[in-house]
2 protein chains.
Amino acid sequence: MSSTIPLRERKKIATRAALANAALDIADKHGLAQLRIEDIAERAGVSLRTFRNYFPNKEAAVVGLLAHNSDLLVEALRERPAEEGLWHALAQACARLYPTDPDRAWVRRMRLLKAEPALAAEKYRSDAGVLDALSAEIAARSERLALPEPYPQLAAEVTLSIVRASIDHWLDTAGAPPLREVVLKFMTRISLGTPSTGAARSDAPTISKDKLS
Amino acid sequence: MSSTIPLRERKKIATRAALANAALDIADKHGLAQLRIEDIAERAGVSLRTFRNYFPNKEAAVVGLLAHNSDLLVEALRERPAEEGLWHALAQACARLYPTDPDRAWVRRMRLLKAEPALAAEKYRSDAGVLDALSAEIAARSERLALPEPYPQLAAEVTLSIVRASIDHWLDTAGAPPLREVVLKFMTRISLGTPSTGAARSDAPTISKDKLS
DNA sequence: ATGCAATATTGCCTAATAGGCAAAAATTAG
DNA sequence: CTAATTTTTGCCTATTAGGCAATATTGCAT
């Protein structure tokens, strides 16, 4: 009944989720140092060895499915109308990622990532994949603009950094303004000029001019 | 003759450097997978146990002193004249980091970081420390401007991401334009508006209003 | 429905990592 | 020179990491 996805796939996804949730629960309750993969596997109802088929280490398990979550960003961008300006499209795509504030588990996970430096590295690894995908999508999107080669990567890197900063801030403010709005505000506060439009060029000086040496 | 720094300190620094270099050499030659901390320690002339007093794992050793390198960014920013506009000061500080193109060891290290995801993740961990320091310095610097709280973090995050993108690009182009120039170009291509100046706002609204859901 | 092929799980095994603790060695201070 | 720090080291055990082969599960074609 459920789907076109074969049982095998669904089971893998379920196992993966179970492991990630188990890892999150234990790490959240007892701290990352006390987290042993043996306990994760047990709670998820698989063997220790199976854990290793899914994740290389416990940190990866805690970070869990975050990478997939960010993959949505690439999708969201792809769905923006082609005529839309790149930066605007990026801002919209980012905002669409959080139509509503994320659920508790996600928040717990992100808080943990903030608290434990060891997890930060693992999170980055997952972000790295997104960076590449986003970079590629930006390149495809702006192909007709004939943007110089390094540009897509720059845009992707900056965009992700803004999303990171937004989430960080949102976590600190206990969700005072919805995440969606924080992201939008931050995205519009940074502007990215393309060499062709020169948008930023006209802008940047206004900042620097008066206060400049 | 040498310094006011006591012998003990200097020895620690030397040992740390020796370990980092040993790790780089081995990883570079035989690949990260073949890198064992035992070999690193041996090549550096210390016991395996001592390695552990310096680095938590081999990845950290390969990344080595990069964090310190980035600390210089904070210093460089602090040295910019107080009257200078923030974004301009940041751009200058970044550029000053690379008055001349970095040495071979640094390049080898960075290339390795690009090639091995595990190392990229570790580098990010070290960047996290820089992010905090930079954020704090920006906050201190722009205190008198009474910038809203999340602003320094945003600026720091974006700045670091631009530096990362610059280095990445520079590595790819085999140093065609000097790194210093790449950084400057990228920094000026992004502009960061403060709420007070509203610089970016003039750009942004065209974006969100009409096309928004 | 049944059997074959593909894929996932598990146990077994060994090497390597991680880190607490205390003894020994080196450096600094008095 | 001696005492007090601080660093290095060895010893020890728990945990991690991952190759390999046996076993179980699922998918597909007949």
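Per chain, the residues get numbers from 1 upward, laid out in the order the sequence is written. Chain labels run from A onward and ligand labels from 1 onward, assigned in the order the entries are written. Per-residue local features are limited, in this predicted model, to residues with pLDDT of at least 70; the limit for side-chain atom pairs, both in listing and counting, is 80 or more; totals at the level of whole chains, interfaces and linings are taken over all residues.

- Within an unreviewed UniProt entry, the label attached to chain A reads TetR/AcrR family transcriptional regulator, and the organism entered is Sphingomonas tagetis.

1. Points about the overall build of chain A
- Per the secondary structure count, chain A includes 11 helices and one strand.
- The order of α-helices and β-strands along chain A, N terminus first, is α-α-α-α-α-α-α-α-α-α-β-α.
- For chain A, buried positions account for 40% of its 213 residues.
- Whether two residues are in contact is decided by their C-beta atoms, placed from the backbone, lying within 7 Å. Put simply, of all contacts in chain A between residues at least 6 apart along the chain, 62% involve residues at least 24 apart. Numbered from the N terminus, helices here are DSSP runs of H or I no shorter than four residues, and strands are runs of E no shorter than two. Note on burial: count the other C-beta atoms lying within 10 Å of the residue's C-beta; 20 or more is buried, 12 or fewer is exposed, in between is partly exposed, and C-beta positions come from the backbone.

2. Some words on the packing of helix α9 (residues 151–172) of chain A against helix α9 (residues 150–172) of chain B
- Across the interface, α9 of chain A lies against α9 of chain B with an axial gap of 9 Å and an inter-helix angle of 155°. The orientation of α9 of chain A relative to α9 of chain B falls into the category roughly antiparallel. Here α9 of chain A runs over α9 of chain B; the crossing is right-handed. Of the residues in α9 of chain B, those in contact with Q153, L154, E157, V158, S161, I162, R164, A165, D168 and H169 of chain A of α9 of chain A are P150, Q153, L154, E157, V158, S161, I162, R164, A165, D168 and H169 of chain B.
- The class makeup of the residues in the contact of α9 of chain A with α9 of chain B is nine nonpolar, six polar and six charged. Working convention: axes come from line fits to C-alpha atoms, limited for helices to the stretch in contact. Angles between N-to-C directions cover 0 to 180 degrees. Convention used here: angles under 35 degrees read as roughly parallel, angles over 145 as roughly antiparallel, angles from 65 to 115 as roughly perpendicular, and any remaining angle as oblique. Left-handed describes a crossing whose near helix is turned anticlockwise from the far helix by less than a right angle; the clockwise case is right-handed. As a working rule, the residues Ala, Val, Leu, Ile, Met, Phe, Trp, Tyr, Cys and Pro are called nonpolar, Asp, Glu, Lys and Arg charged, and the rest polar, with Gly in that last group.

3. Thoughts on the environment of Q34 of chain A
- Here Q34 of chain A shows up in the loop between α1 (7–30) and α2 (37–44).
- Take Q34 of chain A: there are 10 C-beta atoms within 10 Å of it, and that puts it in the exposed class.

4. What to know about the domain arrangement of chain A
Residue and element names in this part refer to chain A.
- Domain annotation of chain A identifies domain 1 (7–59) and domain 2 (65–193).
- Summarising the inter-unit geometry, the C-alpha centres of domain 1 and domain 2 are found 27 Å apart.
- Every contact between the two is made by seven residues of domain 1 and, on the other side, nine residues of domain 2.
- Top contributing element to the side of domain 1 that touches domain 2 by residue count: α1, with five residues.
- A breakdown of the residues in the side of domain 1 that touches domain 2 according to their chemical character gives five nonpolar, no polar and two charged. Domain borders in the structure are assigned automatically or taken from a domain database.

5. Thoughts on the protein's contact with DNA strand C
- In the neighbourhood of DNA strand C, 20 residues make up the surrounding shell, with V46, S47 and T50 of chain A together with P6 and L7 of chain B lying closest.
- Residue assignment for the surface near DNA strand C shows that the elements contributing at least two residues are α1 and α3 (48–54) of chain A together with α1 (7–30), α2 (37–44) and α3 (48–54) of chain B.
- The residue makeup of the surface near DNA strand C, split by class, is five nonpolar, five polar and 10 charged. In this entry, near means the residue's backbone-placed C-beta atom lies within 6 Å of the molecule or strand.

6. Section: the protein's contact with DNA strand D
- P6 and L7 of chain A together with V46, S47 and T50 of chain B are the nearest of the 21 residues found near DNA strand D.
- Where the surface near DNA strand D is concerned, the elements lending two or more residues are α1, α2 and α3 of chain A together with α1 and α3 of chain B.
- Class assignment of the residues belonging to the surface near DNA strand D gives a composition of five nonpolar, five polar and 11 charged.

7. Focus on the UniProt feature "DNA-binding region" (unreviewed entry) in chain A
- UniProt positions are given in the numbering used here, feature names are shortened, and annotations may be inferred rather than shown by experiment. Annotation from UniProt places "DNA-binding region" (unreviewed entry) at residues 36–55 of chain A.
- Spanning residues 36–55 of chain A, this segment combines 75% helix with 0% strand, and its end C-alpha atoms are found 13 Å apart.

8. Some details on the UniProt feature "domain: HTH tetR-type" (unreviewed entry) in chain A
- The UniProt entry lists residues 13–73 of chain A under the feature "domain: HTH tetR-type" (unreviewed entry), expressed in the numbering used here.
- Secondary structure over residues 13–73 of chain A splits into 77% helix and 0% strand, and the C-alpha atoms at its two ends are 20 Å apart.

9. Some details on the nonpolar core
- Here, a nonpolar core denotes buried Ala, Val, Leu, Ile, Met, Phe, Trp, Tyr and Cys residues that are linked to one another through C-beta atoms within 7 Å. Within the largest apolar cluster, 65 residues are counted, with the highest numbers of intra-cluster contacts made by L90 and V183 of chain A together with L90 of chain B.
- In this structure L90 of chain A touches L77, A155, T159 and M187 of chain A, once residues within four positions along its chain are discounted.
- Core analysis: the second largest hydrophobic core is formed by 45 residues, L24, F55 and L113 of chain A together with L19 of chain B among them.

10. Concerning the environment of E42 of chain A
- Of note, E42 of chain A is situated in helix α2.
- On a C-alpha basis, the gap between E42 of chain A and A115 of chain A in space is 25 Å, while along the polypeptide they are 73 residues apart.

11. Quick notes on the packing of helix α5 (residues 66–78) of chain B against helix α8 (residues 117–141) of chain B
Residue and element names in this part refer to chain B.
- Between α5 and α8, the least distance of the axes is 9 Å, while the angle of their chain directions is 15°. Between α5 and α8, the interaxial angle falls into the category roughly parallel. Of the two elements, α5 crosses α8, and the hand of that crossing is right-handed. Of α8, the residues touching α5 (which contributes L66, A67, S70, D71, L73, V74, L77 and R78) are K123, S126, D127, G129, V130, A133, L134 and E137.
- Its residues assigned to classes, the contact of α5 with α8 shows eight nonpolar, three polar and five charged.

12. A look at the environment of A136 of chain A
- Relative to the assigned elements, A136 of chain A resides in helix α8 (residues 117–141).
- Assessed through the 14 C-beta atoms surrounding it within 10 Å, A136 of chain A is described here as partly exposed.

13. Section: helix α6 (residues 86–96) of chain A
- Burial analysis of α6 of chain A places nine of its 11 residues in the buried class, which makes it a mostly covered element.
- For α6 of chain A, the full list of buried residues reads L86, W87, A89, L90, A91, Q92, A93, C94 and A95 of chain A.

14. Some points on the confidence of the model for chain A
- Confidence scores per residue from the predictor, reported as pLDDT, run from 0 to 100. Taken residue by residue, chain A gives an average pLDDT of 83. The fraction at 70 or more is 85%.
- Scored below 50 in pLDDT, residues 194–213 of chain A makes 47 contacts in the model with residues more than four places away or belonging to other chains.

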